[in-house]
Amino acid sequence: MKLDKAIIAKLAEHLENCELEARDTLKITEEYPDMDFEDAYAIQEAIKQRKIARGNKITGFKAGLTSHAKMKQMGVSMPVFGFITDYGCILDGGEVKTSELIHPKVEPEIAFVTKAPLRGPGCHIAAVLAATDFVLPGIEVIDSRYRDFKFDLKSVIADNTSAARYVVGGMIKSPADVDMRTVGIVLEKNGEPVAFGAGAAVLNHPAAAIAMLANHLGARGEEIPAGSLILSGGITEAVVVKAGDAITLRVQGMGSISLRFV
Ligand code: 0L1
Ligand code: MG
């Protein structure tokens, strides 16, 4: 690690304040160009601990930058991982207050709920499928705290991978009953289809993102606990939204979910 505890705490407070006050900032590597990936995840962890201390519940995890489309959009080559919160959860058909966000975008995803712990190293797709209780459609609302979504990998990891809001719903499916590689999705904005894809856009199989998360946590002596909700990553490029927009995600054989931005 290159940063000391005091700097990590200061950057966590800064990024979390930006989130809670819906104001943007320059990427933190501008001021700390030597920070490394351990520092970045330590800042993310410090943000998580601030929320827990305030009484927020951590509901699960997310994988980000998992599709080739997303990697290309962001100019990176490896996934990133973050956490999701109780206050980030919006019920199906619910409203997202844009005044609480900076510049939101939405991503169509497959969400997993686990029934057994998953721990790396060596976690693979088969282990993920065996430990999955069910999968269901999910929309992630991302909102980078960095000005104009301009960041590098370390800055975005520290910023909890742009996590902001999410909705899950539609139909739950046993992983044995859905081919997550070929399942098709249509994302609609104000009734118009704006993005299409299939599950294979996420690392060839969305369960691969969960396996990589388990391996990432395992390297830190942590695991994915049973009962976790995990957003496996955007299947298409993120779509910009603003107040007044209505978003619907339709997933083949798994129903649909929607959100309104007010
Ligand atoms: O969930 C995601 O794929 C987002 C990861 C962070 C990058 C971004 O803000 O677009
Ligand atoms: Mg996402």
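Quantities reported herein were computed from a predicted structural model and do not represent experimental measurements. Every chain is numbered independently, its residues counted from 1 as its sequence is written. Each chain is given a letter, starting from A, and each ligand a number, starting from 1, according to the order in which they appear as written. Reporting in this predicted model follows two pLDDT cut-offs: at least 70 for local features of residues, and 80 or more for side-chain atom pairs to be given and counted; totals over whole chains, interfaces and linings ignore these cut-offs and use all residues. The side-chain quantities take in all heavy atoms of the structure and omit both hydrogens and water.

**Overview of the pattern of salt bridges**
Condition: A pair is scored as a salt bridge if a Lys or Arg side-chain nitrogen falls within 4 Å of a carboxyl oxygen belonging to Asp or Glu. In this text, helices come from DSSP runs of H or I with a minimum length of four residues, and strands from runs of E with a minimum of two, each type numbered from the N-terminal end. Relative accessible area decides the class of each residue, using a 1.4 Å probe on protein chains only: under 20% of the type maximum gives buried, over 50% gives exposed, and in between gives partly exposed.
Tallied over the full model, the rule gives 17 salt bridges. With its nearest N and O atoms 3.0 Å apart, the salt bridge here joins Asp24 to Arg147. Placement of the pair is Asp24 in the loop between helix H1 (5-21) and helix H2 (37-53) and Arg147 in the loop between strand E5 (132-142) and helix H5 (153-158), with a sequence separation of 123 residues. Accessibility expressed as a relative area gives 27% for Asp24, which makes it partly exposed. Put simply, Lys48 and Glu45 hold a salt bridge, and the shortest N to O gap is 3.5 Å. With Lys48 and Glu45 both in helix H2 and three residues apart, the pair spans about one turn of that helix. Glu45 gets classed as partly exposed once you look at its relative accessible area, which sits at 29%. Look at the salt bridges and you will find they share partners, linking Glu16, Glu19, Arg50, Lys51 and Arg54 into a network.

**Notes on the coordination of the magnesium ion (ligand 2)**
To keep things clear, this is the line we draw: Only nitrogen, oxygen and sulfur atoms qualify as donors, and only when within 2.8 Å of the metal (3.2 Å in the case of Na, K and Ca); with water excluded, sites may look incomplete.
Every protein donor of the magnesium ion (ligand 2) is accounted for by Glu107 (OE), Glu109 (OE) and Glu140 (OE), and the metal-donor separations fall at 2.0 to 2.1 Å. The sequence pattern formed by the donor residues of the magnesium ion (ligand 2) is E-x1-E-x30-E. Taken together, the residues span a long stretch of sequence, with Glu107 in strand E4 (residues 105-114) and Glu140 in strand E5 at a distance of 33 residues. What makes Glu107 buried here is its relative accessible area of 4%. The class of Glu140 is buried, set by a relative accessible area of 1%.

**Quick look at the UniProt feature "domain: Fumarylacetoacetase-like C-terminal" (unreviewed entry) in the chain**
Threshold: UniProt positions are given in the numbering used here, feature names are shortened, and annotations may be inferred rather than shown by experiment.
Per the UniProt record, the feature "domain: Fumarylacetoacetase-like C-terminal" (unreviewed entry) sits at residues 104-260. Between the end C-alpha atoms of residues 104-260 the distance is 12 Å, and the span holds 17% helix and 36% strand.

**Some words on the nonpolar core**
How we decide: Nonpolar cores are built from buried Ala, Val, Leu, Ile, Met, Phe, Trp, Tyr and Cys residues. Side-chain atoms within 4.5 Å join them into one set. Contact between two residues is taken to exist if any of their heavy atoms lie within 4.5 Å; hydrogens are not considered.
Formed by 69 residues in total, the largest nonpolar core has its most connected members in Ile43, Val106 and Ile224. Take this core: its biggest share by element is seven residues, from helix H6 (residues 206-218). Once residues lying within four places of it in the same chain are set aside, the contact partners of Val106 are Ile139, Glu140, Val141, Leu187, Glu237, Ala238, Val239, Val241, Ile247 and Phe261. By size, the runner-up hydrophobic cluster in this structure holds eight residues, among which are Ala111, Val113, Leu136 and Tyr166.

**Examining the side chain of Thr132**
Our working definition: A 3.5 Å cut-off defines polar contacts: any pair of N or O atoms within that distance qualifies, except that in protein one atom must be a possible hydrogen donor and the other a possible acceptor, and neighbouring residues in sequence count only when both atoms are side-chain atoms.
Here Thr132 is to be found in strand E5. A polar side-chain atom of Thr132 sits 2.6 Å from the main-chain carbonyl oxygen of Val128. Contacts of Thr132, omitting those with residues within four sequence positions, involve Phe112, Val113, Thr114, Lys115 and Pro175.

**Some points on the packing of H1 against H2**
Just so we agree on the cut-off: Under this scheme, a helix contributes an axis fitted over its contacting stretch, all axes are lines through C-alpha atoms, and angles between N-to-C directions fall in the 0 to 180 degree range. Angle categories are assigned with fixed cut-offs, so that under 35 degrees is roughly parallel, over 145 is roughly antiparallel, 65 to 115 is roughly perpendicular, and the rest are oblique. For a crossing to be left-handed, the near helix must be turned anticlockwise from the far one by less than a right angle; the clockwise case is right-handed.
Contact geometry for H1 and H2: axes closest at 8 Å, N-to-C directions at 60°. Taken as axis vectors, H1 and H2 run oblique relative to one another. When you trace H1 past H2, the crossing you get is right-handed. When H1 is examined against H2, the residues Ile8, Leu11, Ala12, Glu13, Leu15, Glu16, Asn17, Glu19 and Leu20 are found in contact with a partner set consisting of Asp39, Ala42, Ile43, Ala46, Ile47, Arg50 and Lys51.

**Overview of the packing of aromatic side chains**
The geometry of an aromatic ring pair is captured by the separation of the ring centres together with the interplanar angle, meaning the angle of the planes. How we decide: In this scheme Phe, Tyr and Trp rings, the latter by its six-membered ring, pair at centre separations within 6.5 Å, and the angle between planes marks the pair as stacked below 30 degrees, edge-to-face above 60, and tilted otherwise. Any Lys NZ or Arg CZ found within 6 Å of a ring centre and within 35 degrees of that ring's normal is scored as a charge over the ring.
A complete count under the given rule lists two aromatic pairs for this structure. When the ring of Phe149 is compared with that of Phe151, the centres are 6.5 Å apart and the planes differ by 55°; the resulting orientation is tilted. The rings of Tyr146, Phe149 and Phe151 are connected pair by pair, giving a single aromatic cluster. Over the aromatic face of Phe37 sits the side chain of Lys154, whose NZ or CZ is 5.3 Å from the ring centroid. One cation-aromatic arrangement involves Arg220 over Tyr41; the distance from NZ or CZ to the ring centre is 4.8 Å.

**A closer look at unusual backbone geometry**
With an omega of 5°, the peptide bond running from Gly120 to Pro121 counts as cis. Summarising the element assignment, Pro121 is placed in the loop between E4 and helix H4 (125-131). Its identity is not glycine, yet Leu65 carries a phi of approximately 55°, on the positive side. Residue class for Leu65 comes out buried when judged on its relative accessible area of 8%. Non-glycine residue Asp148 carries a positive phi angle of around 55°. Residue position: Asp148 is located in the loop between E5 and H5.

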